Amino acid sequence: MASVPSLASTLQQQLADALTAALPDAGAADPLLRRSDRADFQANGILALAKKLKGNPRELAAQVTAALPAGGPIKDIEVSGPGFLNITLTDRAIVETLAARAADGEGRLGVPLKDDAGTTVIDYAQPNVAKEMHVGHLRSAVIGDAVVRILEFTGENVVRRHHIGDWGTQFGMLIQYLIEHPGALKHEGGAGDAASDGEAAMSTLNRVYKESRVLFDSDEEFKARSRDRVVALQAGDPETLELWHRFVDESKIYFHSVFDKLDMEIHDPDIVGESGYNDMLEETCRILEETGVAVRSEGALCVFFDDVKGPDGNKVPLIVKKTNGGYGYAATDLSAVRNRVQDLKADTLLYVVDARQSLHFRMVFETARRAGWLSDDVKAVQLAFGTVLGKDGKPFKTREGETVRLEDLLDEAVTRATAVVRDKAEKVGLSEEEIVENGRYVGIGAVKYADLSTSAVRDYKFDLDQMVALHGDTSVYLQYAYARIQSILRKAGDAVPAAHPELELAPAERALGLHLDQFGEVLAEVGAGYEPHKLAAYLYQLASHLTTFYDQCQVLSPDNAPEVVANRLFLVELTARTLHQGMALLGIRTPERL
Ligand code: ARG
């Protein structure tokens, strides 16, 4: 089954053709079609065109109207105000288009694939080895996962990269400690499931980190041995590398347990951390120096920018190689750019990283452009996200001022959500097993939705009470909307959803239908601008249209003619599939019974 153009796009095309027919000299012109309260749609594009051609916009509007084909989706069109077109569609066109969408056998709900698909390498979910994950890592993972799903749905080829922090001076300290205390990384092991294994792994890493730190700060000789160990690590000394691997592996157990909890799949081959670019660092710096992109300054290899200055007015460089010969974060990121463009053939590089690293990425991208690693054909974008705040509006911390452990936070969300689910469970007849499963889906969904429903770059308040509220713009509201439809479909008995284009639609049915019609366009926009919050907003509006529809239109009423029942079942079923698809693209589950 091919994709199904939306009514809005069909209409847009017809208007554009009519514009060209009425005004052959005007060239391609955009009718500027929008949804409107006056009618179904309003087209405002004629005003600008009339101005350009020095014509009378109302006359021009009448000409365009006359050039529209008869028998199309338009029921009524009128010229209003200075020269707008108000357009009302036929009920038949609405139901027929939706029916074609519902019949799409590929499960895409008729949503077209974009025709300019390319390869995007997305850098997201990048925690640091031997360190606990915090809410910033949560944001990168949640936003990145949604963007991956959305881009893949639009047809983009997506390569995932988890650029974990697994390289650098602190590993000298950790490895040296392990050499001197060989049993340090052994732990009791968890109860055998991912979550408890992960917790055990983290508490071991935490202990080793703290112990080695104490020694590092108090013992000058240990400090010196640690520094030598960094050199051995970067030189590829086998014994050192083997111990380093044990830290990385232990950390991966922990990462996987957190991602599991988040109901998110991360694959080992996509975990290419900072260490993965180690072999390229020297060459990266050599090219930068030979081409003059980087220059020596006070012993370090630096790239300067006219518009990047410190408070003292002096230029602040991007340091690619430090005075002591060590390579830093920037050299790694520049090497990763080379790898992603040259080897992975990316035409888009996307980085889901905290807004506080924006200057770093601006300098990295500019450096890569000067070096020719980024050409005009390659787009590099930081999808920068804001800070997670506590209820008090300050960066999210425990009462003691420490960073909040991500697992604790997710557990708390699930506990609260389970209580909400349990409250209603008896009425719905849920088993204990279903309560536990739904509690997870609602709790994790709540955390993801809260993150995804505001534009990424804004800070947002982490407020669990608000996140699991049944009303308002929350995931559980959307999950209930979905489950309620499933319950109606179960109750429908012999009545089967079927489109009946011959029926006249009630206003609430039309509004719901026209909103459903927009799904594909919303996804295209969301994918092009990396804006999952627009998908969340669309789904929330969809659920709101559904609520109005229920208020005004009974579905299974004995007073309804059978075809009205069938048509309404058809509308709610398509709504359910759209909710399910949309939520899945945000990484959120929709339980059948809630
Ligand atoms: N590991 C880093 C952090 O925790 C994020 C890495 C972002 N990605 C990158 N290519 N620099 O802040």
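What counts, and where the lines are drawn
Starting afresh in each chain, residues are numbered from 1 along the sequence in its written order. Thresholds applied to this predicted model are a pLDDT of at least 70 for local features of residues and 80 or more for the giving and counting of side-chain atom pairs; totals over whole chains, interfaces and linings are not thresholded and use all residues. In this text, helices come from DSSP runs of H or I with a minimum length of four residues, and strands from runs of E with a minimum of two, each type numbered from the N-terminal end. Partly exposed residues are those falling between the two cut-offs: more than 12 but fewer than 20 other C-beta atoms within 10 Å of their own, whereas 20 or more means buried and 12 or fewer means exposed, with C-beta atoms placed from the backbone. Our contact criterion uses C-beta atoms placed from the backbone: two residues qualify when those atoms are within 7 Å. The pairing criterion is simple: DSSP has to find at least two bridges between the two strands. Structural elements are reduced to axes, namely lines fitted to C-alpha atoms, with helices fitted over the stretch in contact, and the angle between N-to-C directions of any two is expressed from 0 to 180 degrees. Orientation is classified from the angle alone, with under 35 degrees giving roughly parallel, over 145 giving roughly antiparallel, 65 to 115 giving roughly perpendicular, and any other angle giving oblique. Three residue categories are used. Nonpolar comprises Ala, Val, Leu, Ile, Met, Phe, Trp, Tyr, Cys and Pro, charged comprises Asp, Glu, Lys and Arg, and polar comprises the others, including Gly. Think of a nonpolar core as buried Ala, Val, Leu, Ile, Met, Phe, Trp, Tyr and Cys residues chained together by C-beta atoms that fall within 7 Å. For the domains described, the bounds stem from an automatic or database domain assignment. Nearness here has a simple definition: the residue's C-beta atom, placed using the backbone, must lie within 6 Å of the molecule or strand.

A count of helices and strands for the protein gives 20 helices and 13 strands. Along the longest, intermediate and shortest principal axes, the C-alpha atoms of the protein span 85 × 65 × 45 Å. The 594 residues of the protein split such that 40% are buried.

The subject of this paragraph is the environment of Val-381. Looking at the element boundaries, Val-381 is found in strand S11 (residues 379–385). Taking the C-beta count within 10 Å as the criterion, Val-381 has 16 such neighbours and is therefore assigned partly exposed. As a C-alpha pair, Val-381 and Phe-305 span 76 residues in sequence and 19 Å in three-dimensional space. Other than its neighbours up to four places away in sequence, Val-381 contacts Thr-348 and Leu-350.

What follows covers the sheet that holds strand S1 (residues 33–35). Taken together, four strands build an open sheet; the order of strands is S1-S2-S4-S3 and the sheet is antiparallel. Because the sheet does not close on itself, it has two edges, and the strands there are S1 and strand S3 (74–80). For this sheet, the mean angle separating the axes of adjacent strands, direction not counted, is 25 degrees. Relative to strand S4 (residues 84–89), S3 is paired through six bridges, and the arrangement is antiparallel. Its bridge partner lying in S4, Val-79 is registered against Leu-85. Strands S1, strand S2 (41–43) and S4 of the sheet are contacted by helix H1 (residues 7–22), whose axis makes an angle of about 150 degrees with S1.

With that out of the way, let us pick up the packing of helix H10 (residues 281–290) against helix H11 (residues 329–343). At a closest axis distance of 9 Å, the pairing of H10 and H11 adopts a crossing angle of 90 degrees. Between H10 and H11, the interaxial angle falls into the category roughly perpendicular. Across the interface between the two elements, Leu-281, Thr-284 and Cys-285 from H10 touch Ala-331, Thr-332, Leu-334, Ser-335 and Arg-338 from H11. For the contact of H10 with H11, a count of residues per class yields four nonpolar, three polar and one charged.

The next subject is the pairing of strand S6 (residues 157–161). Taken together, the five bridges between strand S5 (residues 119–123) and S6 define a ladder with parallel strand orientation. Pairing of Asp-123 across the sheet is with Arg-161, part of S6.

Nonpolar side chains tend toward joint burial in soluble globular proteins. Core analysis: the largest hydrophobic core is formed by 158 residues, its most contacted members being Val-147, Val-320, Val-352 and Ala-446. Sorting elements by how many residues they give to this core places helix H5 (residues 135–154) first, with 10 residues. Counting the residues that make up this core, at least three belong to each of domain 1 (7–89) and domain 2 (441–585). With sequence-adjacent residues up to four places away left out, Val-320 is seen in contact with Cys-285, Leu-288, Ala-294, Leu-301, Val-303, Ala-330, Ala-331 and Leu-334.

A few words on the site of the ligand. Contacts to the ligand come from Asp-123, Gln-126, Asn-128, His-163, Gly-165, Asp-333, Tyr-351 and Val-353. Partitioning the shell around the ligand into residue classes produces two nonpolar, four polar and two charged.

The N-to-C vectors of helix H8 (residues 220–234) and helix H9 (residues 238–261) enclose an angle of 95 degrees; their axes lie 8 Å apart at closest approach. Taken together, the axis directions place H8 and H9 in an arrangement best described as roughly perpendicular. Residues Arg-229, Ala-232 and Leu-233 of H8 touch H9, and the partners they reach there are Thr-240, Leu-241 and Trp-244. Within the contact of H8 with H9, the residues separate by chemical class into four nonpolar, one polar and one charged.

Moving on, we come to the sheet that holds strand S10 (residues 348–354). Reading across from one edge, S6-S5-S10-S11 is the order of the four strands in this open sheet, with parallel pairing throughout. Either end of the sheet is taken by a strand with one partner, and the two such strands are S6 and S11. Within this sheet the neighbouring strands show an average axis-to-axis angle of 20 degrees, counted without direction. Each of S10 and S11 is contacted by helix H12 (residues 358–370), which is oriented at about 175 degrees to S11, the strand it contacts most.

Function cannot be inferred from these measures alone, as they are strictly geometric.
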